[in-house]
Amino acid sequence: MNNFNHYYDSEEIRRVVSVIVLNEDNVLSRIVGLFSARGYNIDSLTVAPIPQSQYSRITIVTNGDRRVIDQIVKQLNKLIPVLKVNEHVNVIEKDTVLIKIPIDQDISNIDVIARAYHGSIQNVSDDAIFISATDAPSRIANFITVMQKYNPLEIVRSGVVAMER
């Protein structure tokens, strides 16, 4: 093996893996247990039932070198309730964030910033403004950074959902 291939194989990569499973008890804990037992990190995890079926889709964002990613896919395929595992390379990814800002802020500035990230003001209470945005994960991370100057009271992120192009 030449040095280039060795370097490429050990390069850290980010991957989105979707797992189709039977929608039954204990499946999620088995999948998370697989990751934790082997010391693999989960950056994001979302789970939702697939409409009009007995299945659920688990979307996992993880990272590691090529060997680690291949091992994750192989191990997931061995689990009994798992029907299909897809390691995605060319995907559309979306992440959603809800941010609660103190009411003493200028709503018009916040609305302009939110719209730049496909977001908007969702609600206003006596003491807080609630903003949501849905965009690519890196843009949501940037949106959260930008919103820090408004001293958020709370930030909640949904996790990544993805679909092959």
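Predicted model, so just to flag it, every value in this text is computed and none were measured.

Moving on, we get to the overall build of the chain. Per the secondary structure count, the chain includes five helices and nine strands. Moving toward the C terminus, one meets the helices and strands of the chain in the order α-β-α-β-β-α-β-β-α-β-β-α-β-β. Expected size for 165 residues packed as a compact globule is a radius of gyration near 15 Å; at 19 Å, the chain overshoots this value by more than 25%. Along the first, second and third principal axes, the C-alpha set of the chain runs to 60 × 45 × 30 Å. The proportion of buried residues among the 165 residues of the chain is 38%. Contacts in the chain between residues at least 24 apart in sequence constitute 70% of all its contacts with a sequence separation of at least 6. Charge centroids of the chain, computed over 17 positive and 19 negative side chains, lie 7 Å from each other.

Turning next to the pairing of strand β3 (residues 55-64). The buried count for β3 comes to seven of ten residues, which makes it a mostly enclosed element. Direction of pairing for strand β1 (residues 13-22) relative to β3: antiparallel, over a ladder of ten bridges. Of the residues in β3, the one forming a bridge with V21 is S56. Remark: five residues form the turn of the hairpin made by strand β2 (residues 42-49) and β3, two consecutive strands paired antiparallel; Q52 in that turn has positive phi of roughly 55 degrees.

This paragraph deals with the sheet that holds β2. Spatial ordering of the open sheet is given by β2-β3-β1-β4, a layout of four strands whose pairing is antiparallel. Two strands in the sheet have a free side with no partner beyond their single neighbour: β2 and β4 (82-88). For this sheet, the mean angle separating the axes of adjacent strands, direction not counted, is 15 degrees. Where β2 lies against β3, seven bridges are found, and the strand directions are antiparallel. Paired with T46 across the bridge in β3 is T59.

A few words on the confidence of the model for the chain. For the chain, per-residue confidence averages 90 on the pLDDT scale, and residues scoring 70 or more make up 95% of the total. The weakest mean pLDDT in the chain belongs to helix α1 (residues 3-10) at 54; the strongest belongs to strand β8 (residues 154-157) at 98.

In terms of residue burial, strand β7 (residues 128-135) counts as a mostly covered element, since six of its eight residues are buried. As paired strands, strand β5 (residues 91-102) and β7 are joined by eight bridges and run antiparallel to one another. Looking across to β7, one finds that P102 is bridged to A128. Both strand β6 (residues 119-124) and β7 contribute to a ladder of five bridges, which runs antiparallel. Across the sheet, V124 pairs through a bridge with I129, a residue of β7. Hairpin connection from β6 to β7: three residues lie between these consecutive antiparallel strands.

Following both chains from N to C, one finds helix α4 (residues 107-116) and helix α5 (residues 137-147) inclined at 165 degrees, their axes separated by 10 Å at the closest point. Overall, the two elements α4 and α5 adopt an arrangement that is roughly antiparallel. Seen along the crossing, α4 lies across α5 with a hand that is right-handed. In this structure, α4 contributes I110, I113, A114 and A116 to the contact, and α5 contributes R139, F143, V146 and M147.

Within this structure, the stated rule accounts for eight salt bridges. Each of the salt bridges in this network shares a partner with another, and the network as a whole consists of R15, R66, D70 and E87.

Each value, and the rule that gives it
Residues numbered from 1 in each chain as written. Predicted model: local features only at pLDDT ≥ 70, side-chain atom pairs only at ≥ 80, totals over all residues. Heavy atoms only, no water. Helix = DSSP H or I, 4+ residues; strand = E, 2+ residues; numbered from the N terminus. Rg over C-alpha atoms; globule rule 2.2 N^0.38 Å. Buried < 20%, exposed > 50% of the residue type's maximum accessible area, 1.4 Å probe, protein only. Contact = heavy atoms within 4.5 Å. Lys, Arg positive; Asp, Glu negative; His and termini not counted. Charge placed at Lys NZ, Arg CZ, Asp CG, Glu CD. Pairing = 2+ DSSP bridges. Axes fitted to C-alpha atoms, helices over the stretch in contact; angles between N-to-C directions. pLDDT = per-residue confidence, 0-100. Parallel < 35°, antiparallel > 145°, perpendicular 65-115°, else oblique. Left-handed = near helix turned anticlockwise from the far one by under 90°. Salt bridge = Lys/Arg side-chain N within 4 Å of Asp/Glu carboxyl O.

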